[in-house]
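# A look at the structure
Listed here are the chains, written in short residue letters.
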Amino acid sequence: MARIIVITSGKGGVGKTTTAAAMAMGLAQRGHRTVVIDFDVGLRNLDLIMGCERRVVYDFVNVINGEANLNQALIRDKRCDGLFVLPASQTRDKDALSTEGVGKVLEELSKGHDYIVCDSPAGIEHGATMAMYYADDAVVVTNPEVSSVRDSDRMLGILSSKSRRAEQNEEPIREHLLLTRYAPERVARGEMLSVDDVQEILSLKLLGVIPDSQAVLNASNAGNPVILDKNTDAGQAYDDMVSRYLGEELPMRFLEPEKKGLFNRLFGG
Amino acid sequence: MGLIDYFRSSRRGKGSASVAKERLQILVAHDRAARDRPSYLPKLKQEILDVIRKYVQVDMDAVSVNYEQEGDQEVLELNIVLPDSAGPA
């Protein structure tokens, strides 16, 4: 049986897809058979971030409707063995994902994989609730900014009431906080909520802190999950996050501002 | 951050993050309290009010329904303020 992880947030543009791609790649690199699914029907983007947009033939909705089988729709990652992408459909309407249909696909995927990473769309509409419904774990991606924190809290409420585990009175979904676009310099100046602030408000287990980094944009420009860029701050932070998810105890990095020389402090940007 | 920015930011003193935190704490506490309430509460309140109105004329505001959760226990508190000259309607 695979473990199902939903990457969710409520608010858009906080880094869900970046995180889904990084986490799936990180799990696969550690030898776990992993599939990452795009639940954003109508606005698929995971294929771009994973760099496999030109290899999409069939999609998630095709599989649910029986127009293709899973083997036809799954895209095998060329960089890492044991990693597959199941793209979202670009054209169908959002109601194409039925609870039953999604359940069947997840069950079939569960047989051949260790982890299923579900990239949720923004919002609390149908696609988002479908992405979380069958989850065992949730990674709530949050920016240190008021609207994102509030939306994350709303998402926690939905996770604890509208999931399969909640409906069947099973052990609740394990919820984790991932803080992204963190700018230590701004936190130091008192202009941005700190890790401790956000954790105090949401009271969630902290899985990682990803610094606001040029590396993320570089990676998405190239279609490479940022976790592959091991010499960048964001790449390393995502790598730590995956290790922590798998039970390793690692200290948080990139929480302090970089020390600047006098020249930089006077004239630097 | 250049020299000018440096002076500007130090003059501003404490940043806006503390305001954000304060606002969020209030908001989240409020949201959570509302979320834990059973969805039947508004209807329950209306029906109780209808029953009371059969006997005493009271306003909507006169009935307050409070729901609290303490550990495993759920407490439903009902508070009805009767008008001064309470009598048969």
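An account of the accompanying structure is given in this report. (Residues numbered from 1 in each chain as written. Chains lettered and ligands numbered in written order. Predicted model: local features only at pLDDT ≥ 70, side-chain atom pairs only at ≥ 80, totals over all residues. Heavy atoms only, no water.)

## Considerations on the packing of aromatic side chains
All names here are of chain A. Going through the model one piece at a time under the given rule, you end up with three aromatic pairs over all chains. Relative to Tyr245, the ring of Tyr115 has its centre 5.9 Å away and its plane inclined at 70 degrees; by these criteria the two rings are edge-to-face. Of the two residues, Tyr115 sits in strand E5 (residues 115-119) while Tyr245 sits in helix H12 (residues 233-245), which places them 130 residues apart along the sequence. Tyr245 shares its class with Tyr115; the two are buried. (Phe/Tyr/Trp six-rings, centres within 6.5 Å; stacked < 30°, edge-to-face > 60°. Helix = DSSP H or I, 4+ residues; strand = E, 2+ residues; numbered from the N terminus. Buried < 20%, exposed > 50% of the residue type's maximum accessible area, 1.4 Å probe, protein only.)

## Re the pattern of salt bridges
Between side chains of opposite charge, a pair can form when the charged atoms approach closely. For the structure on display, the rule yields 18 salt bridges over all chains. Note that Arg150(A) is salt-bridged to Asp31(B), the shortest N-O span being 3.6 Å. Of this pair, Arg150(A) sits in helix H7 (residues 146-159) while Asp31(B) is found in helix H2 (residues 17-36), placing the two residues in two different chains. Since its relative accessible area comes to 34%, Arg150(A) is described here as partly exposed. Residue Asp31(B) is classed as buried on the basis of its relative accessible area of 18%. Overlapping salt bridges, with partners in common, bring together Arg3(A), Asp137(A) and Arg174(A) in one network. (Salt bridge = Lys/Arg side-chain N within 4 Å of Asp/Glu carboxyl O.)

## A word on the sheet that holds strand E7 (residues 174-182) of chain A
Hydrogen bonds between backbone atoms are what pair the strands of a sheet, whose relative direction is either parallel or antiparallel. Residue and element names in this part refer to chain A. Taken together, the eight strands give an open sheet; going across it, the order is E3-E4-E2-E5-E1-E6-E7-E8, and neighbouring strands pair in mixed fashion. Every interior strand has two partners, whereas the edge strands, strand E3 (75-76) and strand E8 (205-211), have only one. Pairing geometry for strand E2 (residues 34-38) and strand E4 (residues 83-86), over four bridges, is parallel. Considered in E4, the bridge of Thr34 is made with Leu83. (Pairing = 2+ DSSP bridges.)

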